[in-house]
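# Structure assessment
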Amino acid sequence: MSYIPLTDEDARKMLAAVGKSTVDELFSDIPGQIRLSERLSLPEPLSQLQTERRANQLASLNASGQVFAGGGVYDHYVPAAVDYLSSRSEFLTAYTPYQPEVSQGTLTAIFEFQTMMCSLTSMDVSNASMYDGATALAESALMARAHTGKSRFAVSGTLNINYRHVLETYASAAGLELVFTHCEDGITSPADIEDIIDSNTAAIIVQNPNFFGSIEDLSALSASAKKHGVLMITVVAEAVSLGILKGPGECGADIVCGEAQSFGNYPAFGGPLLGFVAATKEFTRKMPGRLVGRTSDADGRESYVLTLQTREQHIRREHATSNICSNEGHLALRAVMYLSMAGPGLAETAALNHNLAVYLKESLIKAGLVEVFKAPFFNEFVLRTEDSSSFIRRLSEKGYVPGIELRDFEGLENCVLFCATEKLTKEDIDRFVHEAGRVTGRVK
């Protein structure tokens, strides 16, 4: 742990440089009624040794048991090589990609990320990553509105609840109309989609696998969209599923967006995350963020440049596609490393996820939990308990991260969303199920 101290003399020099005499004067533009009037109640400063001890004490409180929860952030195995390579100084201190002559490494990694995401999603073009899956979806909706000139969206009721909240926030400021469908056996209702679509509809939005883990019939939903001349935006929150499911582009998606955290990045208490947007080539100039292209320099050598920079810092503000100013470059680099190492093995990892999830579901049902949806699923599924809060609490006390309560969904009271990834073994699942059986009363 290192400290960069600020002395009183340092503060005086900085204040003098900006023509101020006190720190209070520096912040004088902030209205007094919203400024803190007393000092914060903070403990006394600690020495470096004391700080390290305190940090270790707090770290020891973290749960270290197996994770059976997903819901948009997933506990996948990260090869040690990803941590080692991505921590090398040339990656951590890489120069901003605006000057290609000194940032070829950064641009190359971003180009590879775009290429890999296009391959996995079966789309023509991908951007250089975004903040997270939720903002990627919201920006995709704005892109669809800009492309069609329409502002109504038919949104699946099986969308990740966090993505829904972010989309609603964007919509409230951008004048988008969101109409949500019902859920039938854990998947989107095609009849609801048909009922919602009208002459002002820009796109339908559907997640696959959806928030409940169920696999949607994207081809059927795309057919409904195309029949009415509207776009289909497909959200992918669990990127490992792309290793075994058809790319959304093959199923008729016009825009694919979502979260790529599963590729070589840790759950990390919910972030930072790695959003992405991919689309058909007609959306190239309407995509948010930036795109890296490959070309040749004056000597004929392969080189990389920022081909499109469609944000307000580079073009006239009224032509900017988004106010997104950054991509998650280091996380995208880790994703490239992970996918390079996985190769065709990504399909095997995806299959293992599914097989473990099937075994977990069947075992938990035997332990007294009740099946809720019969739709096909990838690595997540929903089961009903007698008391979901008690179930979660008692298994958490045993050191597990046992799942996610679905309290925000009507009709799913006392239901829990479970997940299984390749980090679990059959023995891990058996131990977890044994404890779950004790909670349900099936095991004494």
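Residues numbered from 1 in each chain as written. Predicted model: local features only at pLDDT ≥ 70, side-chain atom pairs only at ≥ 80, totals over all residues. Heavy atoms only, no water.

Following Asn208, the chain continues to Pro209 via a peptide bond in cis, the omega torsion being -15°. Note on placement: Pro209 falls in the loop between strand 6 (201-207) and helix 10 (218-227). Omega for the peptide link from Gly271 to Pro272 comes to 5°, which places this bond in the cis form. Relative to the assigned elements, Pro272 resides in the loop between strand 8 (255-259) and strand 9 (275-279). Even without glycine at this site, Ala268 takes up a positive phi of about 50°. When you line up the elements, Ala268 lands in the loop between strand 8 and strand 9. We classify Ala268 as partly exposed; its relative accessible area is 36%. Of note, the phi angle at Phe269 is positive, near 60°, even though the residue is not glycine. Along the chain, Phe269 turns up in the loop between strand 8 and strand 9. (Helix = DSSP H or I, 4+ residues; strand = E, 2+ residues; numbered from the N terminus. Buried < 20%, exposed > 50% of the residue type's maximum accessible area, 1.4 Å probe, protein only.)

A few words on the packing of aromatic side chains. Under the criterion given, the structure shown has 13 aromatic pairs. Residues Phe211 and Phe409 carry aromatic rings whose centres are separated by 5.5 Å and whose planes lie at 25° to one another, so their mutual orientation is stacked. Here the residue Phe211 occupies a position in the loop between strand 6 and helix 10, and Phe409 occupies one in the loop between strand 14 (404-405) and strand 15 (415-419), the gap between them amounting to 198 residues. Using a relative accessible area of 5% as the deciding quantity, one classes Phe211 as buried. (Phe/Tyr/Trp six-rings, centres within 6.5 Å; stacked < 30°, edge-to-face > 60°.)

A separate point is the environment of Leu142. Checked against the element boundaries, Leu142 lands in helix 7 (residues 133-148). By relative accessible area, Leu142 is classed as buried at 18%. In this view, Leu142 contacts Tyr170, Ala174 and Leu176; residues no more than four positions away in its chain are not counted. (Contact = heavy atoms within 4.5 Å.)

Moving on, we get to the pairing of strand 15. In terms of burial, strand 15 is largely enclosed, as five of its five residues are buried. Pairing of strand 13 (residues 380-384) with strand 15, which is carried by five bridges, proceeds in the antiparallel orientation. Paired with Val382 across the two strands is Leu417, which belongs to strand 15. Here strand 14 pairs with strand 15 via two bridges, running antiparallel. When the sheet's bridge partners are listed, Glu405 is paired in strand 15 with Val416. (Pairing = 2+ DSSP bridges.)

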